[in-house]
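The residues making up each chain are set out below.
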Amino acid sequence: MKMLFHYNWKVREEWYAWCEGVSEEELLKKRTGGVGSILETLFHNIDVEWSWIRVLKGEEDFKENFEGYRSLDKVRELDARFKPEVEEFVANWDSSMEDRVLVSTGKDGTEYTDPWGEVMRHIIAHEIHHIGQLSVWSRELDREPVSADLLGRGLADSTRTGENN
């Protein structure tokens, strides 16, 4: 699981580099599907990841507003601000946390109970889903998307040392 968080972070960084070659107008252009624009999708991935981790830690969940982050630099700054907290939580993850239960209430008042391990995997899958959307949009711009391949990224090296279970 830790490896997949590292995968998402690495791919996210590659999307930032990809964005450097795209005009701000194109990065902010509303697109079909997803949460809106390329930049807003990157923002959304950061915000959702951080939000879920805060909830698992028993801390207040609040959402950042994209309006304050309408540039690549500002999205990167947000990532740099939120990522250390997420990285620490992921780094300290162990199997004893897998079956802890998160109780949450949906917008309609429905109460949900989810094992922490499922929540963590949901966070991973959420970003991978949006990586696919970014790839489609990049092709609409006649640009090669960032590779979604897990292989060849050197992520297994740290697994051998026990870092990325």
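Each remark here, short or long, concerns the structure printed above.
A short tour of the structure in this document, coming up. Computed from a predicted structure; not experimentally measured. (Residues numbered from 1 in each chain as written. Predicted model: local features only at pLDDT ≥ 70, side-chain atom pairs only at ≥ 80, totals over all residues. Heavy atoms only, no water.)

1. What to know about the layout of surface pockets
Here is step 1: One number sums up the size of the largest pocket: a volume of about 280 Å³.
Here is step 2: Lining the largest pocket we find 13 residues, and of these Trp 52, Val 55, Asp 61, Ser 104 and Thr 105 sit closest to its centre.
Here is step 3: In terms of residues, the lining of the largest pocket owes the most to one element, strand E1 (residues 101–105), which gives 4 residues.
Here is step 4: Looking at the lining of the largest pocket residue by residue, the class counts come to 5 nonpolar, 4 polar and 4 charged. (1 Å grid on protein atoms, 1.4 Å probe; cavity = no way out; pocket = protein on both sides within 12 Å on 5 of 7 lines; lining within 4 Å. Points joined across faces, edges and corners; volume = space filled by probe spheres on them. Helix = DSSP H or I, 4+ residues; strand = E, 2+ residues; numbered from the N terminus. Nonpolar A, V, L, I, M, F, W, Y, C, P; charged D, E, K, R; others polar.)

2. Things to note about the nonpolar core
Here is step 1: Phe 5, Trp 15, Val 75, Phe 89 and Met 120 are the most contacted members of the largest nonpolar core, which totals 43 residues.
Here is step 2: Among the elements of the structure, helix H1 (2–19), helix H2 (24–28), helix H3 (38–56), helix H4 (72–91) and helix H5 (116–140) are those that each provide at least two residues to this core.
Here is step 3: Broken down by element, the residue count for this core peaks at 9 residues, all from H1.
Here is step 4: Sequence-distant contacts of Trp 15, defined by excluding residues within four places in its chain, comprise Leu 42, Ile 131, Leu 134, Ser 135, Ser 138, Pro 145 and Val 146. (Core = buried A, V, L, I, M, F, W, Y, C linked by side-chain atoms within 4.5 Å. Buried < 20%, exposed > 50% of the residue type's maximum accessible area, 1.4 Å probe, protein only. Contact = heavy atoms within 4.5 Å.)

3. A few points about the packing of H1 against H5
Here is step 1: Remark: H1 packs on H5, axes separated minimally by 10 Å, with the N-to-C direction vectors making an angle of 25°. When the axis of H1 is compared with that of H5, the two are roughly parallel. For the pair H1 and H5, the sense of crossing is left-handed. The segment H1 lies against H5, with Leu 4, Phe 5, Tyr 7, Asn 8, Val 11, Arg 12, Trp 15 and Trp 18 engaging Met 120, Ile 123, Ile 124, Glu 127, Ile 128, Ile 131, Leu 134, Ser 135 and Ser 138.
Here is step 2: Considering only residue class, the contact of H1 with H5 consists of 12 nonpolar, 3 polar and 2 charged. (Axes fitted to C-alpha atoms, helices over the stretch in contact; angles between N-to-C directions. Parallel < 35°, antiparallel > 145°, perpendicular 65-115°, else oblique. Left-handed = near helix turned anticlockwise from the far one by under 90°.)

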